[in-house]
Amino acid sequence: MEVFFIIRYKNKKRTIQILAFFLTILILLGVRLVFLQLYPTEKVVAQYENHQSEQISDSKYEILDTNGNSLMKYNNKYVLVIDSKPFSLNNYEETLKDLMALNFIMKGEDDKFNFTDIMKSNGKVYYKISEDTYKKINSLKDIKGIYTYVYSEVDRKKAWMVSSFLSKIESNEIENTLLWKIDKYVENNKLPMEEFYLDNKGIYSENKINISEENKNIKLTINKDFEEKVGEVLKKEEYEELDNVAVMIMEAENGKIRTMVQKDESEANLNLAIEGIGYEPGSIYKLITLGAALDKGVITLENTFSCNSQICAKNNCHGFLTVEEALVKSCNDVFGKVGNLVGYETLMEYSEKQGLFNRILNLQGDGINESKGVKPTIEAGMNNISIGQCFNVTPIQMLGAINTITNNGVYVKPYLIESILDKDNNIVEEFSSEGVKVYNQITTSLLKKSMKAVVERGTGKKAMVEGIDIGGKTGSATSGTNSGTHGWFVGYFNINKKYYTMIVFVPNIQSNKENGEELGGGSTAAPIFKDIVKKLAY
């Protein structure tokens, strides 16, 4: 009897365990069902709501200009989808005309296209089609189980357009760099989807774009209209022989970069000297030498020095010149002497205070490192350093430094990211650049006056635009590769009661003469500067 009760007890215990197991399974299935109803997967949603989802871009964020215009360039791919299950419901009496039209249209795309293979398939069949075919198929309204969409792929052929290099962010970006900071805002973004809904006739008659509520977009300081006008100038016939030209424009008072373009955007970015060491600035650096000398009070514009072709070419001896005339004629001898009065330490202090020898945008990464430039050593000699030789800078560095003059002696670091936006373009976070006082007001006024004289009667005459408040400085430097001369022009201009600073850089000028004149910044970069100002102003 005791054995019987033990066996009965064990059977009862096993039964309870089995019931408990099945009860647990039922509870888990119930929880899973509730979870899927509250948080369904795309597959479940598609089945439950009779709809399909398609990814419509490879970019999970937009890059906009300062006015909200898209800067992204896309290659559009057109796709036809035939969903075999609802497609099999087509009644040939009702849709024969449209089915015949679809067959005819698709035979033009793919001569192997046939309905038999589609009916044998299980699920969706995708066809890449032309834009013309896309439009034709969209006019067929009564066919069950088909829909079309456009897939937008970011065009990165012009790899060094701003929108191109900012659109490709890796998950392992270097901490605190430009791309790393952008990634922190967009890392939770989701790719855009398009949803297609079946009606009660089995036709995909409704669709909508689905952008995640959490998505963020990037608004730049770039002005798309400015960039397009600069691009038109660079395409002019008179600049056809120039292989490449880099142009940057910034708004003087706040540091916002309004334009950063180059003639050939497939080459590594010249404005940032990507993966390089930068370029000798030549005579545009004389503005920094002059600024330091005036600000420290070691000279005045009226002080006179002699040029005996110690540094200047033997056939270009200037004789006695005031400091202002030395800038107007870009005399190397005089500026060598001015630089020696300033001294190495002081000149480097003024240079570094205005962004030289440091990354401005802090763009770093595999193959995209912005150059810091190369700081000169004292051994290079003040005669060389004072006239922009024996060291390297980048155009963006020199843009910011000379903008200090335009901005009444206050340096503002050029910057590119204006704000982060939500998916509805509301501002999430704004950015700005703080100013640092470099020159006093008197120094700034004298520098502007001298730059104006350069354009009116000096080496920068080809940059002159009548009716515009304008000033600047030319520069020419050896390329260091025996492949020509680098031409520079940097200056300020005022349009619509607002001051801007622009730099034009022409690398590796191949020709030696133009009507007997040596080609350099005054004959290449200065005319481009002039044409751009005219294009923006009128």
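For clarity, every value in this text was computed on a predicted model and none was experimentally measured.

Participant: Which residues make up the overall build of the protein chain, and what are the values?
Facilitator: Assigned secondary structure in the protein chain consists of 17 helices and 21 strands. Counting over 538 residues, the protein chain shows a buried share of 51%. Long-range pairs, those at least 24 residues apart, make up 70% of the contacts in the protein chain with a sequence separation of at least 6. Total accessible area on the protein chain stands at roughly 27000 Å², and carbon and sulfur atoms take up 50% of it.

Participant: Go over a nonpolar patch on the surface, please, and point to the residues and values.
Facilitator: Side chains of Tyr 92, Leu 96 and Met 100 sit close together on the surface and give an oily, nonpolar patch of about 320 Å² of accessible area. The topology assignment puts Tyr 92 in helix α4 (residues 92–109).

Participant: Can you break down the state of the cysteines residue by residue, with the values?
Facilitator: Tallied over the full model, the rule gives zero disulfides. In this structure Cys 331 is not part of a disulfide, and its nearest cysteine sulfur, from Cys 307, lies 3.7 Å away. With relative accessibility at 0%, the residue Cys 331 sits in the buried group.

Participant: An account of the sheet that holds strand β8 (residues 216–220) is requested, with residue identities and associated values reported.
Facilitator: Spatially, four strands are ordered β2-β8-β14-β15 in an open sheet, and the strand pairing comes out mixed. Every other strand in the sheet has two partners, leaving β2 (63–64) and β15 (427–430) as the edge strands with one partner each. In the sheet, β8 pairs with strand β14 (residues 417–422) via five bridges, with the strands oriented antiparallel. Bridge pairing links Asn 217 to Leu 421 in β14. Sheet strands touched by helix α8 (residues 178–186): β8, β14 and β15. Its angle to β8, the strand with the most contacts, is close to 140°.

Participant: So what's going on with the nonpolar core? Residues and values would help.
Facilitator: Within soluble globular proteins, side chains that are nonpolar tend to cluster in buried spots. Residues Leu 166, Leu 220, Met 260, Leu 290, Leu 347, Leu 363 and Leu 416 are the most contacted members of the largest nonpolar core, which totals 87 residues. The contacts of Leu 220, once residues within four sequence positions are left out, are Ile 63, Leu 64, Asp 65, Thr 66, Leu 71, Val 162, Leu 166, Leu 416, Ile 417 and Glu 418.

Participant: Kindly report on the pairing of strand β9 (residues 246–251), identifying the contributing residues and their values.
Facilitator: The element β9 is largely enclosed, with a buried count of six among its six residues. The side-chain alternation of β9 yields two buried faces, one formed by Ala 246, Met 248 and Met 250 and the other by Val 247, Ile 249 and Glu 251. Pairing analysis gives five bridges linking β9 to strand β10 (residues 257–262), with the strands arranged antiparallel. Its bridge partner lying in β10, Met 250 is registered against Ile 257. Of the pairings in the sheet, the one linking β9 to strand β19 (residues 498–509) comprises six bridges and is antiparallel in character.

Participant: Hey, could you go over the sheet that holds strand β1 (residues 51–55) for me, with residue numbers and the actual values?
Facilitator: Read from one edge of the open sheet, three strands run β1-β6-β7, paired in antiparallel fashion. The sheet terminates laterally at β1 and β7 (204–210), the two strands that pair on one side only. Along the sheet, successive strands turn relative to each other by an average axial angle of 20°, direction set aside. Where strand β6 (residues 193–198) meets β7, six bridges bridge the pair, whose relative direction is antiparallel. For Met 193, the partnering residue across the bridge sits in β7 and is Asn 210.

Participant: Outline the confidence of the model for the protein chain, listing residues and values.
Facilitator: Should the pLDDT be low somewhere, the predicted coordinates at that spot are not to be read in detail. Looking at the protein chain, the pLDDT average stands at 90 and 88% of residues meet or exceed 70. Under a pLDDT of 50 for its full length, residues 1–7 has, in the predicted model, zero contacts with residues more than four places off or in other chains. With pLDDT under 50 throughout, residues 28–49 is counted as low confidence; its partners more than four residues away or in other chains account for 11 contacts.

Participant: Account for the pattern of salt bridges, naming residues and giving values.
Facilitator: Per the counting criterion, the structure on display carries 22 salt bridges. In this structure, Lys 184 and Glu 187 form a salt bridge, with 3.9 Å as the shortest nitrogen-oxygen distance. Judged by its relative accessible area of 37%, Glu 187 is partly exposed. Between Asp 424 and Lys 423 there is a salt bridge, with the nearest N and O atoms lying 3.4 Å from each other. Residue classification places Lys 423 among the partly exposed positions, given a relative accessible area of 26%. Here the salt bridges share partners, and the residues they tie into one network are Lys 219, Glu 251, Lys 256, Arg 258, Glu 418 and Lys 498.

Participant: Provide a residue-level description of helix α13 (residues 344–353), including the pertinent values.
Facilitator: Listed in full, the buried residues belonging to α13 are Tyr 344, Leu 347, Met 348, Tyr 350 and Ser 351. Viewed along the axis of α13, the buried residues span an arc of 160°, placing them on a single side of the element. In this structure, the buried residues of α13 make contact with α10 (286–296), α12 (332–342) and α14 (382–385). Just downstream of α13, Gly 355 is the residue with a positive phi angle, here 95°.

Participant: Before we move on, could you go through unusual backbone geometry and cite the residues and values that matter?
Facilitator: Although it is not a glycine, Asn 496 adopts a positive phi angle of roughly 50°. If you trace the backbone, Asn 496 turns up in the loop between β18 (485–495) and β19. Asn 496 gets classed as exposed once you look at its relative accessible area, which sits at 72%. Non-glycine residue Lys 497 carries a positive phi angle of around 60°.

Criteria and thresholds
Residues numbered from 1 in each chain as written. Predicted model: local features only at pLDDT ≥ 70, side-chain atom pairs only at ≥ 80, totals over all residues. Heavy atoms only, no water. Helix = DSSP H or I, 4+ residues; strand = E, 2+ residues; numbered from the N terminus. Buried < 20%, exposed > 50% of the residue type's maximum accessible area, 1.4 Å probe, protein only. Contact = heavy atoms within 4.5 Å. Areas by Shrake-Rupley, 256 points an atom, 1.4 Å probe, with all protein chains shown as cover. Patch = residues over 30% accessible without salt bridge, like charges linked within 9 Å, V, L, I, M, F, W, Y side chains within 5 Å. Salt bridge = Lys/Arg side-chain N within 4 Å of Asp/Glu carboxyl O. Disulfide = S-S within 2.5 Å. Pairing = 2+ DSSP bridges. Axes fitted to C-alpha atoms, helices over the stretch in contact; angles between N-to-C directions. Core = buried A, V, L, I, M, F, W, Y, C linked by side-chain atoms within 4.5 Å. pLDDT = per-residue confidence, 0-100. Arc of directions from axis to C-beta.

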